[in-house]
Amino acid sequence: MKKNIVLVGMMGSGKSVIAKALAERLQLPCYSTDELIEQKTKKSIKALVASKGWEYFRSKEEQIVAQLAKKKGVIIDTGGGVILNPDNVRLLKKHGIIFFIKVGPAVIFERIKDDKKRPLINVPNPLAEIRRIYKQRLPLYNQADVIVNASVSIESAVAAIARKVVS
Ligand code: S3P
């Protein structure tokens with residue numbers, strides 16, 4: 001299996017947990033675009049966005065995606081907005097299978113409502129903001145090769161992806 005396994009989806013959908021579980025199960029290396037941006041800039045995403053803005057963050061994200069996409073047989077855990085850039089989607093698809101980790105806004109809200117590290121939902125009405133972002137991005141996430149329902153359990157999502165890549 002030389003194609004990469006790429007996870008896309010909203011913040012709080014469980015991508016990072018799923019990516020780590022898959023890496024363990026399939027014995028594959030795993031990379032997170034957000035973690036690599038933090039390492040490269042030596043700043044948390046929150047601090048980076050606060051000091052340099054979203055455009056700067058998105059350009060760093062594009063650079064990291066371009067590097068990671070060319071790897072072979074790795075797991076790539078992407079930030080929720082990676083699909084906003086068509087070049088990211090094209091490259092990730094070229095070298096990998098994209099899995100959309102699908103979780104509805106209400107479940108996302110429950111999972112991340114107390115997390116202060118997420119700049120996107122640092123607004124007066126986070127649930128409404130999650131709904132708005134979800135609606136706007138759904139057609140982009142749906143460009144994935146496989147849609148994985150992860151609302152119920154993380155374990156079943158991991159198993160579904162593992163089945164797909166070993167078959
Ligand atoms: C973002 C999601 C975050 C992070 C950044 C922007 C988004 O990643 O990349 O805050 O636009 O949805 P997670 O999906 O890992 O939370």
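All residue numbers here refer to positions counted from 1 along the written sequence of the relevant chain. In view of the model being predicted, local features appear only for residues whose pLDDT reaches at least 70, and side-chain atom pairs are presented and counted only at 80 or more, with totals across whole chains, interfaces and linings using the full set of residues. Neither water nor hydrogens contribute to the side-chain values; these are computed over all heavy atoms in the structure.

**Considerations on the overall build of the protein**
Consideration 1: Helix and strand counts for the protein come out as 8 helices and 5 strands.
Consideration 2: The way it works is that DSSP assigns letters per residue, a run of H or I at least four long becomes a helix, a run of E at least two long becomes a strand, and they are numbered from the N terminus. Counting from the amino terminus, the protein carries its helices and strands in the arrangement β-α-β-α-α-α-β-α-β-α-α-β-α.
Consideration 3: Radius of gyration: over C-alpha atoms. The globule rule applied is 2.2 Å multiplied by the number of residues raised to the 0.38 power. Computed over the C-alpha atoms, the radius of gyration of the protein is 15 Å, within 12% of the 15 Å expected from 2.2 N^0.38 for a compact globule of 167 residues.
Consideration 4: On the principal axes, the C-alpha backbone points of the protein span a range of 45 × 35 × 25 Å.

**Let's talk about the site of the ligand**
Consideration 1: Nearness of a residue to a molecule or strand requires only that one of the residue's heavy atoms be within 4 Å of it. Near the ligand lie 13 residues; those nearest to it are K15, D34, R58, R118 and R137.
Consideration 2: Separating an oxygen atom of the ligand from a side-chain N or O atom of K15 is a distance of 2.5 Å.
Consideration 3: Separating an oxygen atom of the ligand from a side-chain N or O atom of R137 is a distance of 2.7 Å.
Consideration 4: Looking at which element gives the most residues to the shell around the ligand, the answer is helix α4 (residues 54-69), with 3 residues.
Consideration 5: When residue character is reported, Ala, Val, Leu, Ile, Met, Phe, Trp, Tyr, Cys and Pro are called nonpolar, Asp, Glu, Lys and Arg charged, and the others, Gly included, polar. Among the residues forming the shell around the ligand, the class breakdown is 5 nonpolar, 3 polar and 5 charged. What qualifies as a polar contact is a pair of N or O atoms within 3.5 Å, subject to a donor-acceptor requirement within protein and to the restriction that residues adjacent in sequence count only when both atoms come from side chains.

**Looking at the pattern of salt bridges**
Consideration 1: Throughout this description, the term salt bridge denotes a Lys or Arg side-chain nitrogen within 4 Å of a carboxyl oxygen of Asp or Glu. All told, the structure shown has 7 salt bridges when counted by the stated rule.
Consideration 2: Close ionic contact of D115 with R118 constitutes a salt bridge, the shortest N to O distance being 3.1 Å.
Consideration 3: Taking relative accessible area as the criterion, R118 reaches 27% and is therefore assigned partly exposed. Under the scheme applied here, a residue whose accessible area is under 20% of the maximum for its type counts as buried, over 50% as exposed, and between as partly exposed, the area being computed with a 1.4 Å probe on protein chains only.

**Quick notes on the side chain of D77**
Consideration 1: Tracing the backbone through its elements, the reader meets D77 in strand β3 (residues 75-77).
Consideration 2: Just so you know, the count uses Lys and Arg for positive and Asp and Glu for negative, and it drops His and the chain ends. This buried residue, D77, is left without a salt bridge; K15 holds the nearest opposite charge, at 5.2 Å.
Consideration 3: Here, two residues are considered to be in contact whenever any of their heavy atoms come within 4.5 Å of each other. Residues contacting D77, with those up to four places away along its chain left out, are L7, K15, S16, A19, Y31, S32 and T33.

**Focus: the sheet that holds β3**
Consideration 1: Two strands qualify as a pair provided that DSSP identifies no fewer than 2 bridges between them. Ordered by their spatial adjacency, 5 strands build an open sheet running β2-β3-β1-β4-β5, and the pairing between neighbours is parallel. Each edge of the open sheet is held by one strand with a lone partner, namely β2 (30-32) and β5 (146-149). Sheet twist, expressed as the average angle between the axes of neighbouring strands with direction ignored, equals 25°.
Consideration 2: Here strand β1 (residues 4-8) pairs with β3 via 3 bridges, running parallel. Within β3, the residue paired with V6 across the bridge is I76.
Consideration 3: A fitted line through C-alpha atoms represents every axis, and for helices the fit uses only the stretch in contact; the resulting angles, taken between N-to-C directions, go from 0 to 180 degrees. Most of the contacts of helix α1 (residues 15-26) go to β1, to which it runs at about 160°, and overall it touches β1, β2, β3 and β4 (96-102).

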